[in-house]
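Residues per chain are reported as follows:
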Amino acid sequence: MPGLLRGVARTAVIAGTATAVSNNVSRRQAGRWAQQAQREAYPAAPAPVAPAPVAAPAPVAPASVADMDERIAQLTQLAALKEQGVLTDAEFAAQKALVLGG
């Protein structure tokens, strides 16, 4: 009888090892298939393009005191229009750039 028990125990160990190996192989293969499916479903995004460098603004000639007072008055009016909701942030920024640049 001891020979029979030894044979049954050996068979159980071999079958358990085979099952464990088979499960590991199946899991690994399923993971590879999932990665492949994900790569096919979501291809790699193209590399981002760096923005073009911005040129430095041209130097502004010194303005007279009267010209500066006029610009300050225009900016004050623009700020008031923005606070009243007449101008959006983008419109305010564009008009401000025109006043300061010109």
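What you see is a predicted model, and the numbers here were worked out from it, not measured in a lab.

## Points about the overall build of the chain
Logical step 1: A count of helical and extended segments in the chain gives three helices and zero strands.
Logical step 2: Reading the secondary structure of the chain in the N-to-C direction produces α-α-α.
Logical step 3: A total of 102 residues make up the chain; the buried ones form 5% of that total.

## Topic: helix 2 (residues 65-84)
Logical step 1: In this model, helix 2 (20 residues) spans 29 Å end to end at C-alpha, consistent with the 28 Å of a helix rising 1.5 Å per residue.
Logical step 2: Where helix 2 terminates, the next one or two residues include Gly-85, which has phi positive at roughly 90 degrees.

## Remarks on the pattern of salt bridges
Logical step 1: Counting across every chain of the model gives two salt bridges.
Logical step 2: Salt-bridge contacts for Asp-67 lead to Arg-71; the nearest nitrogen and oxygen are separated by 3.6 Å. Placement of the pair is Asp-67 and Arg-71 together in helix 2, with a separation of four residues, close to one helical turn.
Logical step 3: Note on Arg-71: relative accessible area 13%, which makes it buried.
Logical step 4: The shortest N-O distance in the salt bridge between Lys-82 and Asp-89 comes to 3.4 Å.

## Regarding the packing of helix 2 against helix 3 (residues 89-101)
Logical step 1: With their axes 10 Å apart at the nearest point, helix 2 and helix 3 run at an angle of 175 degrees to one another. Taken together, the axes of helix 2 and helix 3 lie roughly antiparallel to each other. On the side of helix 2, the interface is formed by Arg-71, Gln-74, Leu-75, Leu-78, Ala-79 and Lys-82, while helix 3 contributes Asp-89, Phe-92, Gln-95, Lys-96, Val-99 and Leu-100.
Logical step 2: Tallied by class, residues from the contact of helix 2 with helix 3 come to six nonpolar, two polar and four charged.

## Focus on the confidence of the model for the chain
Logical step 1: The share of residues in the chain with pLDDT of 70 or more is 81%, and the mean pLDDT across the chain is 79.
Logical step 2: When mean pLDDT is compared element by element in the chain, helix 3 scores highest at 87, while helix 1 (residues 2-41) scores lowest at 81.

Cut-offs used in this document
Residues numbered from 1 in each chain as written. Predicted model: local features only at pLDDT ≥ 70, side-chain atom pairs only at ≥ 80, totals over all residues. Heavy atoms only, no water. Helix = DSSP H or I, 4+ residues; strand = E, 2+ residues; numbered from the N terminus. Buried < 20%, exposed > 50% of the residue type's maximum accessible area, 1.4 Å probe, protein only. Expected span 1.5 Å × (residues − 1). Salt bridge = Lys/Arg side-chain N within 4 Å of Asp/Glu carboxyl O. Axes fitted to C-alpha atoms, helices over the stretch in contact; angles between N-to-C directions. Parallel < 35°, antiparallel > 145°, perpendicular 65-115°, else oblique. Contact = heavy atoms within 4.5 Å. Nonpolar A, V, L, I, M, F, W, Y, C, P; charged D, E, K, R; others polar. pLDDT = per-residue confidence, 0-100.

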